[in-house]
There are 2 protein chains.
Amino acid sequence: MTRRSRADVVAAARVLFADQGFHGTSMRDLGKELGIRGSSLYSHVVSKDELLVDVVREAASRFQTLADEVNAMSGTAKQKLSRLVQGHLRILVEDPHQARTFLNEIRFLPEFEREEAVAMFDRYQETFREVIETGRLGHEFRSDLDVPLTANLILSLLNGTTRWFNSEGTLDTETLGDEIHQLLTGGLASVSKVDLT
Amino acid sequence: MTRRSRADVVAAARVLFADQGFHGTSMRDLGKELGIRGSSLYSHVVSKDELLVDVVREAASRFQTLADEVNAMSGTAKQKLSRLVQGHLRILVEDPHQARTFLNEIRFLPEFEREEAVAMFDRYQETFREVIETGRLGHEFRSDLDVPLTANLILSLLNGTTRWFNSEGTLDTETLGDEIHQLLTGGLASVSKVDLT
DNA sequence: CCTACCGATCGGTAGG
DNA sequence: CCTACCGATCGGTAGG
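These figures come from a predicted structure and were not determined experimentally. (Residues numbered from 1 in each chain as written. Chains lettered and ligands numbered in written order. Predicted model: local features only at pLDDT ≥ 70, side-chain atom pairs only at ≥ 80, totals over all residues. Heavy atoms only, no water.)

Digging into the interface of chain B and chain A
Rule in force here: What makes two residues a contact is simply this: any of their non-hydrogen atoms within 4.5 Å. What gets called buried area is simply the loss in accessible area from a 1.4 Å probe that two parts show on being joined, summed for both. Basic side-chain nitrogens of Lys or Arg form a salt bridge, by our definition, when they fall within 4 Å of a carboxyl oxygen of Asp or Glu.
The interface of chain B with chain A comprises 46 residues on the first partner and 46 residues on the second. When chain B packs against chain A, the two sides together hide about 4,100 Å² of surface, and 58% of this comes from carbon and sulfur. Among the residues chain B hides against chain A, the three largest losses belong to Arg142, Leu153 and Leu188 of chain B. Together they make up 18% of the total. A salt bridge links arginine 107 of chain B to glutamate 105 of chain A, with the shortest nitrogen-to-oxygen separation between them at 3.3 Å.

Some thoughts on the relation of the copies chain B and chain A
Superposition of the two copies of the chain requires a rotation about an axis together with a shift along that axis. Applicable threshold: We superpose the copies by least squares over the C-alpha atoms of residues that have a pLDDT of at least 70 in both of them.
Its rotation angle being 180°, the transformation that places chain B on chain A also includes 0.0 Å of axial translation and leaves an RMSD of 0.0 Å. Classification of the inter-copy transformation places it as that of a two-fold axis. When the interface residues of chain B are mapped onto chain A, 100% of them again fall at the interface, so both copies present the same face.

Describing the protein's contact with DNA strand D
In plain terms, the rule: Note on terminology: near, applied to a residue and a molecule or strand, indicates that one of the residue's heavy atoms is within 4 Å of it. Whenever a nitrogen or oxygen atom comes within 3.5 Å of another N or O atom, the pair is scored as a polar contact, on the condition that within protein one atom can donate a hydrogen and the other can accept it, and that pairs from neighbouring residues in sequence are kept only if both atoms are in side chains. Ten residue types, Ala, Val, Leu, Ile, Met, Phe, Trp, Tyr, Cys and Pro, are classed as nonpolar, four, Asp, Glu, Lys and Arg, as charged, and the remainder, Gly among them, as polar.
By nearness alone, 16 residues border DNA strand D, and Met27 and Lys48 of chain A together with Arg3, Arg4 and Ser40 of chain B come closest of all. The sugar-phosphate backbone supplies 55% of the atoms of DNA strand D found within 4 Å of the protein. Within the backbone of arginine 4 of chain B, an N or O atom sits 2.6 Å from a phosphate oxygen of DNA strand D. For DNA strand D, a phosphate oxygen lies 2.6 Å from a polar atom in the side chain of serine 40 of chain B. Here the surface near DNA strand D is composed, by residue class, of three nonpolar, eight polar and five charged.

Thoughts on the packing of aromatic side chains
Quick note on the threshold: Any two of the Phe, Tyr and Trp rings considered here, Trp counted by its six-membered ring, make a pair once their centres fall within 6.5 Å; the pair's planes then place it as stacked at under 30 degrees, edge-to-face at over 60, or tilted in between. Secondary structure is summarised from DSSP: a helix means a run of H or I of at least four residues, a strand means a run of E of at least two, and numbering begins at the N terminus for each. Each residue gets one of three labels from its accessible area relative to the maximum for its type: buried under 20%, exposed over 50%, partly exposed in between, using a 1.4 Å probe on protein chains only. In this scheme, the term charge over a ring applies when either NZ of a lysine or CZ of an arginine sits within 6 Å of the ring centre and within 35 degrees of the ring normal.
Tallied over the full model, the rule gives 16 aromatic pairs over all chains. Their ring planes at 35° and their centres at 5.0 Å tell us that phenylalanine 63 of chain A and tyrosine 124 of chain A sit as a pair that is tilted. Taken as a pair, phenylalanine 63 of chain A in helix α3 (residues 48–72) and tyrosine 124 of chain A in helix α6 (residues 111–137) lie far apart in primary sequence, 61 residues in all. Summarising the burial analysis for this pair, phenylalanine 63 of chain A and tyrosine 124 of chain A share the class buried. With a centroid separation of 5.8 Å and an interplanar angle of 85°, the aromatic rings of phenylalanine 63 of chain B and phenylalanine 121 of chain B are classed as edge-to-face. Residue phenylalanine 63 of chain B is located in helix α3 (residues 48–72), and its partner phenylalanine 121 of chain B is located in helix α6 (residues 111–137); the two are separated by 58 residues in the primary sequence. On the basis of relative accessible area, phenylalanine 63 of chain B is assigned to the buried category, the value being 2%. What makes phenylalanine 121 of chain B buried here is its relative accessible area of 16%. The ring of phenylalanine 22 of chain A carries the charged tip of lysine 48 of chain A above its face, separated from the ring centre by 4.4 Å.

A few points about the protein's contact with DNA strand C
Taken together, 16 residues surround DNA strand C, and among them Arg3, Arg4 and Ser40 of chain A together with Met27 and Lys48 of chain B come closest. Atoms of DNA strand C within 4 Å of the protein belong to the sugar or the phosphate in 55% of instances, the rest to bases. Residue arginine 4 of chain A places a main-chain N or O atom 2.6 Å away from a phosphate oxygen belonging to DNA strand C. Contacts to DNA strand C include arginine 28 of chain B, whose side-chain N or O atom sits 2.9 Å from a base nitrogen.

Here we look at the side chain of lysine 48 of chain B
Residues and elements named next belong to chain B. Short version of the rule: Residues scored as charged are limited to Lys and Arg (positive) and Asp and Glu (negative), so that His and the chain ends carry no count.
Relative to the assigned elements, lysine 48 resides in helix α3. Comment: no salt bridge for buried lysine 48; closest opposite-charge side chain is aspartate 49, at 7.0 Å. Excluding residues that lie within four positions of it along the chain, lysine 48 makes contacts with Phe17, Phe22, His23, Thr25 and Met27.

Considerations on the packing of α3 of chain B against helix α4 (residues 77–94) of chain B
The geometry of a pair of packed helices is captured by two quantities: the angle between their axes and the separation between those axes. Residues and elements named next belong to chain B. Inclusion rule: To define axes, lines are fitted to C-alpha atoms, for helices over the stretch in contact only, and angles between the resulting N-to-C directions are given on a 0 to 180 degree scale. Any angle that falls under 35 degrees is termed roughly parallel, while one over 145 is termed roughly antiparallel, one within 65 to 115 roughly perpendicular, and all others oblique. Two helices crossing with the near one rotated counterclockwise from the far one by less than a right angle form a left-handed crossing, whereas a clockwise rotation gives a right-handed crossing.
Where α3 contacts α4, the axes come no closer than 10 Å and their chain directions differ by 160°. By the angle between their axes, α3 is roughly antiparallel relative to α4. Relative to α4, α3 is oriented so that their crossing is right-handed. In contact with Arg62, Phe63, Leu66, Glu69 and Val70 of α3, α4 contributes Lys80, Arg83, Leu84, Gly87, His88, Ile91, Leu92 and Glu94. In terms of residue class, the contact of α3 with α4 is built from six nonpolar, two polar and five charged.

Quick notes on the side chain of threonine 150 of chain A
Counting through the fold element by element, threonine 150 of chain A comes out in helix α7 (residues 147–160). Sequence-distant contacts of threonine 150 of chain A, defined by excluding residues within four places in its chain, comprise Ile132 and Leu145 of chain A together with Leu188 of chain B.

A short note on the pattern of salt bridges
All names here are of chain A. Per the counting criterion, the structure on display carries 26 salt bridges over all chains. Residue arginine 142 pairs with aspartate 144 through a salt bridge whose shortest N-O separation is 3.1 Å. Classification of arginine 142 by relative accessible area gives buried; the value is 10%. A network of salt bridges, in which partner residues are shared, links Arg6, Glu50 and Asp54.

A look at α6 of chain A
Residue and element names in this part refer to chain A. Spelled out, the test is: Here, expected helix span is obtained from the residue count minus one, scaled by 1.5 Å.
In this model α6 runs 38 Å from its N-terminal to its C-terminal C-alpha over 27 residues, within 8% of the 39 Å that 1.5 Å per residue would give. Taken together, the buried positions of α6 are Glu113, Ala117, Phe121, Tyr124, Gln125, Thr127, Phe128, Arg129, Val131, Ile132 and Gly135. Those residues of α6 hidden inside the fold are in contact with α3, α4 (77–94), α5 (96–105) and α7.

Quick look at the structure:
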């Protein structure tokens, strides 16, 4: 194997921070994953914190990109919600370690970067709120919806999939997204909606 | 203050394991929370692991109790689901630190106790599956529902509330449960279901 | 990227 | 419940 780059170190951090937690992972653990000494990592990064910052930022950036796509898109609220659901799931599934580090270890960031990440995620969540509000005003969704609450519930549902969904299994990601979108728009009940529009 | 009991130590563990993580909490941190030395904790417990085991077991036990209640209950699938949703939320809200430690730190348990806890939670989840399956067969719910998937989605939604719900806020727990139950059974769509039964 | 090392902190024990 | 301490490990640095 050749010399490692900073990107290799970040790659190891994604995996170990996700599996063992930030505080459960030592620099020596990361080194072992790459076949080098823990102390050698400091030629690539100046601190352990920096690795967590990198992983969280790259995840945040993906969510930001999805939000931009949806904001630029035309279509009904349901269509936009579907795109948000599918896009969000794709991000979680494409790099589950990155996603889990983002979701679970964000609280261990240094204060400045933590606030930065939280603000970034809130801007992302704002896209959910806007789509829900549009659907509510346009009578696609219930007019009595609590919009911020609904956004929180949808994101909880999506993010929770990282705890059990395995993309190697029988269910593929897009089908999962369809199931979720169906549950969100129509619920569990058996009788299909009468569309009055 | 008088002498501390093992229960006091477990109480401190619930809070600090939830806020700082199991690996981010030292025995000295726990001691400080109680106003004693870290080493003094060993007159109450034999290891740090034991504290995590205690917190996880007490949470698991609460879920088990709820499952027993629902299994003993009569009513429609929707009513049972509502009871599961409300009961699950109440457990999360009554002791958020215990709940968050259970959800986030369970993976750091010693292998035997981890498998025990996972098995316990799967038995609990089985109650969700049974209720959903009953509703499906009785045409309360869609007949094409993927039952285990739906159980996972519902639990993801519920557990995710620990990340943002604050029972001190304007929204009380029961109303949150109603909103969730409404979302789950009817979805976001605006037109109310036509009940053919 | 390595060896050698730093002070600090870790979980835990002995003995009172 | 305390002091005093153990070996191991932590994040990180110096110097090559």
